[in-house]
Amino acid sequence: MTEEATATMQGAIIDGAAAARALREEIARRTAALAARGIVPGLSVVLVGEDPASAVYVRNKEKASREAGMRGETIRLAASTTQEELLAVVDRLNADPAVHGILVQMPLPAPLDADAVIHRIDPSKDVDGFHPVNVGKVLIGDSSGFAPCTPSGVLHLLRVSGVETRGAHAVIVGRSNIVGKPMAALLVQPGVDATVTLCHSRTRDLADHVRRADIVIAAVGRARLITAAMVKPGAVVIDVGMNRIEDATAKSGSGLVGDVDFDGVRDVASQITPVPGGVGPMTIAMLLRNTLTAAERTVA
Ligand code: GUN
């Protein structure tokens, strides 16, 4: 061991970009095999309005789907689109056999009703895993549905990083429908077998809960909330947060940080995901995987 390595024993970085790349290569191979049988997986992303962050996410999703050999399209609608018009677009995509996956980018501009839109998407094309049918299937462990992309990506990262989830205590911070709640459901399934504590903004003594975790999953959207003092030495730390903060040293004047104080926590964790380059790239890879699965199911 070098002197430098003994001076500070830092946790290993979980390379989400590399894991996502490997998965996307596998997806591209399976996509080519399916295309050879005459079925090209199709992903239709609907973007309403001009939110700049959403525009970037949507561009990345379309680009990634095309790189995997899929038919990726983005349907761009004006912010003034009515609920009826948006539902009509969903109906059209539901009925189109060339479309296997539908994703309506959230948040929707006011006064559009996101829940009504999610309910309208055919569950067999709901590659986001947001429809109540898919939410229910995830909870009961029915693999015929779709699990949401971010928690699936976290699970994949834990697997490829060799993290033992069986019997481990996983503490999730954040109870969103997109990450925290489905993450809890996935972690307690037989075969994954973690013991789960789900914390949120009203949790008393948050630090005491987090300190008992073998696996910490931070998904609250609060910059650097999780500090070294809250983490048990040797814990695995997964950071789902993406918070834009002011950074005078950056050219743009802002920077992206997670929900974990990376520099401090790295000194106590055994493994840790960075932001960016951790969970983020996995989310798109999982979206592609769900789209491929949706297409494969049409020939099964
Ligand atoms: N907005 C931010 N993340 C997501 C996502 O995973 N799916 C959709 N539909 N919208 C989002």
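The following refers to the structure shown. (Residues numbered from 1 in each chain as written. Predicted model: local features only at pLDDT ≥ 70, side-chain atom pairs only at ≥ 80, totals over all residues. Heavy atoms only, no water.)

All right, on to the overall build of the protein chain then. Along its length, the protein chain carries 11 helices and 11 strands. For 300 residues, the compact-globule formula gives about 19 Å, and the C-alpha radius of gyration of the protein chain, at 20 Å, lands near that figure. For the protein chain, the exposed area adds up to about 14400 Å²; of that, 54% sits on carbon and sulfur atoms. With 31 positive and 33 negative side-chain charges, the protein chain shows a separation of 3 Å between the mean positions of the two kinds. (Helix = DSSP H or I, 4+ residues; strand = E, 2+ residues; numbered from the N terminus. Rg over C-alpha atoms; globule rule 2.2 N^0.38 Å. Areas by Shrake-Rupley, 256 points an atom, 1.4 Å probe, with all protein chains shown as cover. Lys, Arg positive; Asp, Glu negative; His and termini not counted. Charge placed at Lys NZ, Arg CZ, Asp CG, Glu CD.)

With that settled, consider the site of the ligand. With respect to spatial proximity, the complete set of residues near the ligand consists of Leu103, Val104, Gln105, Met106, Asp128 and Phe130. Valine 104 has a polar backbone atom sitting 2.8 Å from a nitrogen atom of the ligand. Side-chain polar atom of glutamine 105 to a nitrogen atom of the ligand: 3.1 Å apart, as the coordinates give it. The fraction of the free accessible surface of the ligand (280 Å²) that becomes covered by protein chains is 78%. Residue composition of the shell around the ligand, by class: 4 nonpolar, 1 polar and 1 charged. (Near = heavy atom within 4 Å. Polar contact = N/O pair within 3.5 Å; in protein donor to acceptor, adjacent residues only side chain to side chain. Nonpolar A, V, L, I, M, F, W, Y, C, P; charged D, E, K, R; others polar.)

Moving on: the pairing of strand S2 (residues 42-48). Two faces make up the sheet, and in a regular strand the side chains alternate between them. When you tally the buried positions in S2, you get 7 out of 7 residues, the bulk of the element. Neither face of S2 is open: one carries Gly42, Ser44, Val46 and Val48, the other Leu43, Val45 and Leu47, and all of them are buried. Bridging between S2 and strand S3 (residues 71-77) involves 7 bridges; their strand directions are parallel. Bridge pairing links leucine 43 to glycine 72 in S3. Two elements, S2 and strand S4 (residues 101-104), share 4 bridges in a ladder whose sense is parallel. Note on S4: the bridge partner recorded for valine 45 is leucine 103. (Buried < 20%, exposed > 50% of the residue type's maximum accessible area, 1.4 Å probe, protein only. Pairing = 2+ DSSP bridges.)

Before going further, it helps to spend a moment on the packing of aromatic side chains. Within the structure shown, the criterion is met by 0 aromatic pairs. The residue whose ring lies beneath arginine 297 is phenylalanine 146, and the NZ or CZ to ring-centre distance is 4.8 Å. (Phe/Tyr/Trp six-rings, centres within 6.5 Å; stacked < 30°, edge-to-face > 60°. Lys NZ or Arg CZ within 6 Å of the ring centre and 35° of its normal.)

Our focus in this paragraph is unusual backbone geometry. The omega torsion of the bond from methionine 106 to proline 107 falls at 0°, within 30 degrees of zero and hence cis. Mapped onto the elements, proline 107 comes out in the loop between S4 and helix H5 (114-120). The residue after valine 275, namely proline 276, is reached through a cis peptide bond having omega -5°. Structurally, proline 276 is set in the loop between strand S11 (271-272) and helix H11 (279-297).

Moving on to the pattern of salt bridges. Within this structure, the stated rule accounts for 8 salt bridges. A salt bridge links aspartate 91 to arginine 120; the nearest nitrogen and oxygen atoms lie 2.8 Å apart. Note that aspartate 91 is positioned in helix H4 (residues 83-95) and arginine 120 in helix H5, a separation of 29 residues in sequence. Owing to a relative accessible area of 32%, aspartate 91 belongs among the partly exposed residues under this scheme. A salt bridge links arginine 211 to aspartate 208; the nearest nitrogen and oxygen atoms lie 3.1 Å apart. Residue arginine 211 and its partner aspartate 208 are located together in helix H9 (residues 206-211), separated by 3 residues, close to a single helical turn. (Salt bridge = Lys/Arg side-chain N within 4 Å of Asp/Glu carboxyl O.)

On to the sheet that holds S4, then. Strand order in the open sheet formed by 3 strands is S3-S2-S4, with parallel pairing between adjacent strands. The open sheet is flanked by S3 and S4, the only strands paired with a single partner. The sheet shows a mean angle of 15° between the axes of neighbouring strands, taken without regard to direction. H4 contacts S2, S3 and S4 of the sheet and is inclined by roughly 165° relative to S3. (Axes fitted to C-alpha atoms, helices over the stretch in contact; angles between N-to-C directions. Contact = heavy atoms within 4.5 Å.)

Attention shifts here to the packing of helix H2 (residues 16-36) against H11. It is at 9 Å that the axes of H2 and H11 come closest, and there the two elements cross at 20°. Looking at the two axes, H2 sits roughly parallel to H11. At the point where H2 passes H11, the crossing takes the left-handed sense. The residues of H11 that touch H2, namely those facing Gly16, Ala17, Ala19, Ala20, Leu23, Arg24, Ile27, Arg30, Thr31 and Leu34, are Pro281, Met282, Ile284, Ala285, Met286, Leu288, Arg289, Leu292, Thr293, Ala295 and Glu296. Of the residues belonging to the contact of H2 with H11, the class tally is 14 nonpolar, 3 polar and 4 charged. (Parallel < 35°, antiparallel > 145°, perpendicular 65-115°, else oblique. Left-handed = near helix turned anticlockwise from the far one by under 90°.)

Another point: the sheet that holds S11. With respect to topology, 6 strands assemble into an open sheet ordered S1-S11-S8-S7-S5-S6, the strand pairing being parallel. Two strands in the sheet have a free side with no partner beyond their single neighbour: strand S1 (12-13) and strand S6 (195-199). Bridge count for strand S8 (residues 236-239) against S11 is 2 bridges, and the pairing is parallel. Its bridge partner lying in S11, valine 237 is registered against isoleucine 272.

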